Amino acid sequence: MTRLPLQAVLFDMDGTLVDTERLWWEAVERVAGRALTDADQPEVLGRPVEHTAAWLAAAGGTPAADLAAALHREFADRVRTGIVPRPGALDLLDALARDGVPTALVTASPRAVADTVLDVLGADRFAVSVTADDTEHTKPAPDPYLAACRALGVDPAACVAVEDTETGVRSAEAAGCTVLAVPSLAPIDTAPGRTVHASLTGLDPRRLAALLPHELRVMSWNLWYGGTKVHDHRAKQLKIIAETGADVVGLQETYGTAAQELADALGWHHHRAGENLGIISRHPITARLGDPDVGFYGAAGARIAVGDREVDVWTAHLDYRRYGPYEPVFDERHEEVRLAQLRDALHRIGAGAPVVLVGDFNCPSHLDRTDGEWPVTRAAEEAGLSDSYREAHPDAAAAPGHTWSPVHPVREDGSGRPEPQDRIDYVLHRGLRVLDSRTVVTGTPRPWPDVAGNDWPSDHAAVLTTFAVR
């Protein structure tokens, strides 16, 4: 089981590393001229000075700018004389430094206050600091955490953010970080991708790394008559799967036995559906989904256990006839059969998450081409499925991602006309985070019909997407 490597730990300041939430609460009470209650917490805890000042101004007649100045003054006076590191904070920072894990300070406080705290904690403990003065929007917007990740050169999905307020938690989660919540004044509920701990005491880099999501590499691969057009195809298929590091492969054109034979050789689990579809997985298959006797076209699925989560992975093969790009003008009638097949698959998949749908759709994407509606991929999008390749490569001109066809530069009808090169194989998803996506072809395949000696045993490129599974 592979987790993402811990690239950095991002710390909130007030109430997380230092006991300033109490000082901020006292400062707001002093400026407000009254005792605060639990009902006031959403407007005070984790909020920048300007937000709390505007909230106080709305309740009285003092201008927000004057209130903000007073809050700055009251809080800064208390910080200079009363700042105390939270239990376990310095030990955790030292442990991260010993292990070479970069850290960042990410706070909604202004730079002047943050610098005062850094003097106490030691500014050299942090590679980066981001304050309310450094981004256009501060917490609960994701901007501060995204800015810290950019400055460190790390992926938010491989970072743990340590927060003590609901406002800060929302900011870190919106940025895509795993969150460790250490509540100070107000409780925080657990949630997917979020762990709640009573304090920083006893935490170390190993325990933080264990909070990160698992990696799941999912590949879509049309085997082309099971691979039988190429010599020694099964050995070549196994080598390719091993080299890509795929965890789950959704197969089309299995020729009946390919899923079981590949899984047996790899020591993996498998699901065979009909004579054309199959799923192989290094992770356990806990349920088989869809019609096991599905025809040559259609979809089949399997529920995969990834750590303590389950992901539904479906593989689909849609009708190749009346291929749209062969026609000089887009005609939606050419897509009707494929659209009906996809809608049947979407009905079987339902609205749950997380789910991955891979397959050979035998049609281009509306995200790539503007010469027609291309309703098949649009229907998947309308069902809430995102195209992982286009998430990773939004510019279709810069990264066309063609999967059809590495061995067909010209049409097989003998006309000598160029074969349209298009992206017709997909890894779609709902409820997961895309870390990377790419097409896969090994070697330089010789064109049809001189394909028997190719290292690449298919007429399609494969698509491999790496997901983070929380």
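Attention here is on the structure that accompanies the text. (Residues numbered from 1 in each chain as written. Predicted model: local features only at pLDDT ≥ 70, side-chain atom pairs only at ≥ 80, totals over all residues. Heavy atoms only, no water.)

### A word on the environment of Phe 296
Here is step 1: Assignment of secondary structure puts Phe 296 in the loop between strand 11 (285-289) and strand 12 (298-306).
Here is step 2: Ignoring sequence-local partners within four residues, the contact set of Phe 296 consists of Glu 253, Asn 276 and His 317. (Helix = DSSP H or I, 4+ residues; strand = E, 2+ residues; numbered from the N terminus. Contact = heavy atoms within 4.5 Å.)

### Considering the pairing of strand 8 (residues 248-252)
Here is step 1: For strand 8, the tally of buried residues reaches five of five residues, placing the bulk of the element in the interior.
Here is step 2: A two-sided burial pattern is seen for strand 8, the buried positions comprising Val 248, Gly 250 and Gln 252 on one face and Val 249 and Leu 251 on the other.
Here is step 3: In this structure, strand 8 lies alongside strand 10 (residues 277-281), joined through five bridges in antiparallel fashion. Paired with Val 249 across the two strands is Ile 280, which belongs to strand 10. (Buried < 20%, exposed > 50% of the residue type's maximum accessible area, 1.4 Å probe, protein only. Pairing = 2+ DSSP bridges.)

### So, the nonpolar core
Here is step 1: Within the largest apolar cluster, 45 residues are counted, with the highest numbers of intra-cluster contacts made by Val 9, Phe 11, Leu 17, Phe 126, Val 162, Leu 200 and Leu 208.
Here is step 2: Sorting the residues of this core by element identifies strand 1 (8-11), helix 1 (21-32), helix 3 (49-59), helix 4 (64-82), helix 5 (89-98), helix 6 (111-121) and strand 4 (159-163) as the ones contributing at least two each.
Here is step 3: Residues contacting Leu 208, with those up to four places away along its chain left out, are Leu 6, Val 9, Leu 92, Leu 96, Val 160 and Leu 180.
Here is step 4: Membership of the second largest hydrophobic core comes to 21 residues, among which are Leu 10, Ala 161, Val 169 and Ala 181. (Core = buried A, V, L, I, M, F, W, Y, C linked by side-chain atoms within 4.5 Å.)

### Some details on the packing of aromatic side chains
Here is step 1: On inspection of all chains with the given rule, the structure shows eight aromatic pairs.
Here is step 2: Between Tyr 225 and Tyr 255, the ring centres sit 6.1 Å apart and the planes meet at 90°, which makes this aromatic pair edge-to-face. In this pair, Tyr 225 is assigned in the loop between strand 7 (214-222) and helix 10 (233-244) and Tyr 255 in the loop between strand 8 and helix 11 (258-266), connecting sequence segments 30 residues apart.
Here is step 3: Exposure remark for Tyr 255: the relative accessible area of 54% places this residue in the exposed category.
Here is step 4: Plain terms: the ring middles of Tyr 323 and Tyr 326 are 5.1 Å apart, the flat faces sit at 90° to each other, and that makes the pair edge-to-face. (Phe/Tyr/Trp six-rings, centres within 6.5 Å; stacked < 30°, edge-to-face > 60°.)

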